[in-house]
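Chain and residue survey
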Amino acid sequence: MCIGFPMTVIEGDAFGALCERRGERRPVSMALVGAQPAGTKVLVHIDTAVRVLDPLEAAQIDDALEAVERALAGENVDHLFADLVDREPQLPDFLRK
C-alpha cells in the first residue's frame, strides 16, 4: 500500500520542487501538477506530487496519519477526528439516492 503525505512547496518549477513536511525537506517531481507557488500544499506519493490540496484537506490528512501513529501506540485519537465525532455518518453525494 502506498500512503500519500501532504507536503508544502518551498521552491521549484514545473518539473521539480523542494517540499517540506514536519521539518524534512525532499525533492519532489511536479510533472503531474505543474509549477506551484511556495506555500502550496501537495499530496506526495513516492516523491511525486499527485494533487494540489487545500489547507483544510491537508490538515485532515495530517490528522488521520497522526491518528494511525497514536492508535498503534494505544493512545486516544478522538481529538484528531473532531469533524466526525458526535455526528451521524453521511454518505457522499454520489452514493445517495
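This one's a predicted model, so the numbers in the text were calculated from it and none came from an experiment.

1. Things to note about the pairing of strand β2 (residues 16-21)
Side chains Ala 17, Cys 19 and Arg 21 project from β2 onto a buried face, and the interleaved Gly 16, Leu 18 and Glu 20 project onto a face without burial. Here strand β1 (residues 5-12) hands over to β2 after 3 residues, the two strands then running antiparallel side by side. Looking at chain direction, β2 and strand β3 (residues 24-29) are connected through 6 bridges and run antiparallel. By the bridge assignment, Cys 19 is partnered in β3 with Arg 26. As consecutive antiparallel partners, β2 and β3 are separated by 2 residues, and within that stretch Arg 22 has a phi angle of approximately 50°, a positive value.

2. Re the pattern of salt bridges
Counting across every chain of the model gives 9 salt bridges. A salt bridge links Arg 25 to Glu 20; the nearest nitrogen and oxygen atoms lie 3.7 Å apart. For Arg 25, a relative accessible area of 48% corresponds to the partly exposed category. Residue Glu 20 is classed as partly exposed on the basis of its relative accessible area, which comes to 25%. Measuring nitrogen to oxygen at the nearest pair gives 3.4 Å for the salt bridge that ties Glu 69 to Arg 22. Here Arg 22 lies in the loop between β2 and β3 and Glu 69 lies in helix α1 (residues 55-72), a separation of 47 residues in the sequence. The class of Glu 69 is partly exposed, set by a relative accessible area of 48%. Under the relative-accessibility criterion, Arg 22 is labelled exposed at 53%. Connected through salt bridges with shared partners, the residues Glu 24, Arg 26 and Asp 47 form a single ionic network.

3. Some details on α1
If you check α1, its first and last C-alpha atoms are 26 Å apart, about what 18 residues at 1.5 Å a residue would give, namely 26 Å. When α1 is considered as a whole, its buried residues turn out to be Ala 58, Leu 65 and Ala 67. Check the buried side of α1 and you find it contacts β1, β2, β4 (41-45) and β5 (48-53). A side-chain oxygen of the first residue of α1 lies 3.0 Å from the backbone nitrogen of Leu 56; this N-cap is Asp 54.

4. Thoughts on the environment of Lys 41
As for its placement among the helices and strands, Lys 41 is situated in strand β4. For Lys 41, a relative accessible area of 28% corresponds to the partly exposed category. Sequence-wise, Lys 41 and Asp 86 are 45 residues apart; in three dimensions their C-alpha atoms are separated by 29 Å. Aside from chain neighbours lying at most four places away, what touches Lys 41 is Met 7, Thr 8, Arg 51, Val 52, Leu 53 and Ala 58. At 2.9 Å, the side chain of Lys 41 and the side chain of Thr 8 are in polar contact.

Basis of the calculations
Residues numbered from 1 in each chain as written. Predicted model: local features only at pLDDT ≥ 70, side-chain atom pairs only at ≥ 80, totals over all residues. Heavy atoms only, no water. Buried < 20%, exposed > 50% of the residue type's maximum accessible area, 1.4 Å probe, protein only. Helix = DSSP H or I, 4+ residues; strand = E, 2+ residues; numbered from the N terminus. Pairing = 2+ DSSP bridges. Salt bridge = Lys/Arg side-chain N within 4 Å of Asp/Glu carboxyl O. Expected span 1.5 Å × (residues − 1). Contact = heavy atoms within 4.5 Å. Polar contact = N/O pair within 3.5 Å; in protein donor to acceptor, adjacent residues only side chain to side chain.

Geometric descriptors of this kind do not, in isolation, establish any biological role.
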